[in-house]
Amino acid sequence: MNRKVLLIEPNYKNKYPPMGLMKIATYYRKCNDDVRFFKGDLKKFAAQLLCEEFCAETREPSFKKYFSKLTEYIKIGKYSYLDMIPDFRGSEYEEIIKTYRRKYKNKEFPQFDVVGVTTLFTFYWKQTVDTINYAKNFCKAEGKMLVGGIASTIVPDYIYEETGIKPHKGLLDKEGDLDEGNTDIIDELPLDYSILEEIDYEYPAKNAYFGYMTRGCPRNCTFCAVKTLEPKYKNYIGIKHQIEYVDENFGAQKDLLLMDNNVFASNCFEQIIDEIKECGFGKGATYIPPNEYEVAIKNLKAGYNLRAYIKKIIKLYDKIAEKLPEEESGQFYLRREERGLLYVETATCEEICKFDEIIRPLYDKLFHKSKRTRYIDFNQGLDARLATKEKMKKLSEINIRPLRIAFDHCDSKSVDFYINAVKNAAECGITELSNYLLYNFEDEPKELYYRMRINIDLCEELGVTIYSFPMKYHPINDPEYFKNRNYLGVHWNRKFIRAVQAVLNSTKGKIGKGVEFFEEAFGRDLNEFYKILWMPETFIIYRRKYDQELRERLADRYKKHSSEDCDLANEWWAKFCSLSAKKLEIAKSIISLNKFKEGDYECTDKEILDVLSYYSITRDIAKGST
């Protein structure tokens, strides 16, 4: 190996794997470097690295069985962990492990030639900055610290200010970006899926090909960061060779997720769709999942990322054990124990390969792979303004689900474009759609309601399914707001934002088809929607408990009456509406701040205080009275 490379994703929740790091892993492996990926608790990782060095220094195979106990001692320093290891206390090894505990406390960690940290959105600011600063402890004095990604491109000066590291801005789309003289263009390299096997974190969207077939967007929307991240629009990027590489090295993936920002703008659109079909995602596409064991043992025998595939093999052994009858599972355990194959730390490539003749037929017998449907998803959404009938017809040739169409504005032109795009899709047989509805930007709350209502009405009219995801605008490059999520659009306030979130929490963040469901959640008309926005949060969440009128409507609909008799929601509303114009203005100014604890506001008017008293009914109180 030439260099030791450590790639890190901060320990925030993330739906998609880090594509940038997966390409960088491919790059460094092509350079014959030793690449390691980590996502999780960096302090624990540091202790694990030191424990690896301890095991290598002592060369005592039995210690690997107690790897987790030794790691915890190095990290925490409690002797109780060492007491669990037979004959360890008082031995020469106790003194050696103490030196590694001291190294941990002094942050004298194992060193890497290259340490790379990716960054996502700026609302993960503290986690990102803390990760970069801690990761510096793993880099040799003469080594290279790499920081890149979205936040690094959006606010590079602030990254530098808080970490002392000058981040890479933009894409790695030129020769020599990481090593002078190297002709590889990193952004066009296939992804290294093996690094995902090195970590315990499971990405929700893992079983998919990830890529781009265009870059950038010719639009210049003021709320969008694409112009900064991908300033030049690129009409076409071939993806077939990348998919073939993944199939060959890591096994076929179920779905294809393309992160293009405006594929409809490409003058190569038909070529893009044809290539997607060639890659196995035409209408009605199916595939048979690969044999995970076969992929793992093949890469293990080839010496490709042994760290990842030893861990993968041990996981597969555990899966096999779960499927075996009790007696056979016990025998299987003993066989693994004899070969040191119970734990990742004790397992060796040699023993795994010897065990192959037993495992291969066992795995094939227990795990049958059946044909599954696969889908293509342009995950960032398509431009309704460019959604012609011809493009929709071409799009219908691939197994797209869902079709995402942007619906960010509520002016008459934008609405016409959007409705026309949905109707064109429906006529071409595309019936499962989705979109993001931007709010809290320059819009008024009523515009969010109108757009949601349009989607509900289109579902009824066209017989399609549209899942809408209201998405709160958050300026990711404004230093006043990018470290938190407190931004308020000019027509919004904290109470309105919280009310929308309270409704979405009960719908799991999305709005599906169904007029009755929508009207219960967001109101039958704009007046009811604004009533919900001003409503105490507990009444929003437990509306069936506190709203007599709503219960009666539901009773008539479902012919089922409730024994509860509580109408606090409408009692509150009557008092709210009875306030004089001046008092209502004062009440709204207090409610809009969404702070209702004692001392949060000053008011002596009895009528206003009576209205505000309803906002002190908390969820806990509501739960306690159900």
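In this text, all values refer to a predicted model and were calculated from it rather than measured experimentally.

(A) Structural context of the overall build of the chain. In terms of regular secondary structure, the chain is built from 28 helices and 12 strands. Structurally, the chain occupies a C-alpha span of about 80 × 60 × 60 Å along its principal axes. The buried share among the 626 residues of the chain stands at 51%. Restricting to contacts in the chain with at least 6 residues of sequence separation, those with at least 24 account for 73%. Roughly 30300 Å² of accessible area belongs to the chain as shown, and the carbon and sulfur atoms make up 48% of that amount. With 99 positive and 99 negative side-chain charges, the chain shows a spacing of 1 Å between the two charge centroids.

(B) How the structure looks around the sheet that holds strand β9 (residues 376–378). As summarised here, the arrangement of the three strands in space is β5-β6-β9, forming an open sheet in which the pairing is parallel. This sheet does not close on itself; its edge strands, each paired only once, are β5 (208–211) and β9. Averaged over neighbouring strand pairs, the angle between their axes works out to 15° when direction is ignored. In this structure, strand β6 (residues 255–258) lies alongside β9, joined through three bridges in parallel fashion. If you follow Leu256 over to β9, its bridge partner there is Ile376.

(C) Region of the structure containing the packing of aromatic side chains. The final tally for this structure, using the stated rule, is 46 aromatic pairs. Between the aromatic rings of Tyr104 and Phe109, the centroid separation amounts to 5.9 Å while the plane-to-plane angle is 40°, which identifies the pairing as tilted. With relative accessibility at 4%, the residue Phe109 sits in the buried group. With 5.9 Å between their ring centres and 40° between their planes, Tyr193 and Phe250 make a pair best called tilted. Of the two residues, Tyr193 is situated in the loop between α8 (156–163) and β5 and Phe250 in helix α10 (residues 240–250); the sequence distance between them amounts to 57 residues. A relative accessible area of 8% means that Phe250 is categorised as buried. Of the aromatic side chains, those joined through ring pairs into one cluster are Tyr449, Phe496, Phe518, Phe522, Phe529, Tyr530, Trp534, Trp572, Trp573, Phe576, Phe596 and Tyr615.

(D) Quick look at the sheet that holds strand β3 (residues 112–119). Pairing is parallel in the open sheet, where four strands are placed in the order β2-β1-β3-β4. Edge positions in the sheet fall to β2 (34–38) and β4 (139–149), since each has one partner strand and no second. Looking at each pair of strands side by side, their axes are set apart by 20° on average, direction ignored. Of the pairings in the sheet, the one linking strand β1 (residues 4–8) to β3 comprises four bridges and is parallel in character. Counterpart to Val5 in the pairing with β3 is Val114. Set on the sheet, helix α1 (residues 19–30) makes contact with β1, β2, β3 and β4; between it and β1 the angle comes to about 175°.

(E) Local environment of helix α6 (residues 125–135). When α6 is considered as a whole, its buried residues turn out to be Trp125, Thr128, Val129, Thr131, Ile132, Tyr134 and Ala135. Contacts made by the buried residues of α6 are with β1, α2 (42–58), α5 (92–105), β3, β4 and α8.

Here is what the cut-offs are and how they apply
The numbers attached to residues start from 1 for each chain and follow its sequence in the written order. Thresholds applied to this predicted model are a pLDDT of at least 70 for local features of residues and 80 or more for the giving and counting of side-chain atom pairs; totals over whole chains, interfaces and linings are not thresholded and use all residues. With hydrogens and water excluded, all non-hydrogen atoms of the structure serve as input to the side-chain values. Numbered from the N terminus, helices here are DSSP runs of H or I no shorter than four residues, and strands are runs of E no shorter than two. Accessibility here uses a 1.4 Å probe with only protein chains present; expressed as a share of the type maximum, an area under 20% marks a residue as buried, one over 50% as exposed, and anything in between as partly exposed. Throughout, a residue-residue contact means that at least one pair of heavy atoms, one from each residue, lies within 4.5 Å. Note on areas: Shrake-Rupley, 1.4 Å probe, and residue coverage restricted to the protein chains presented here. We treat Lys and Arg as the positive residues and Asp and Glu as the negative residues; His and chain ends play no part in the count. Just so you know, the charge point we use is NZ for Lys, CZ for Arg, CG for Asp and CD for Glu. Strands are treated as partners if at least two bridges between them are detected by DSSP. In this analysis, axes come from line fits to C-alpha atoms, helices being fitted only over the stretch in contact, and the angle between any two N-to-C directions falls in the range 0 to 180 degrees. Pairing of aromatic rings covers Phe, Tyr and Trp, the last counted by its six-membered ring, and requires centre-to-centre distances within 6.5 Å; plane angles under 30 degrees mean stacked, over 60 mean edge-to-face, and any other angle means tilted.

So, to be careful, I would describe these as geometric facts and stop short of saying anything about function.
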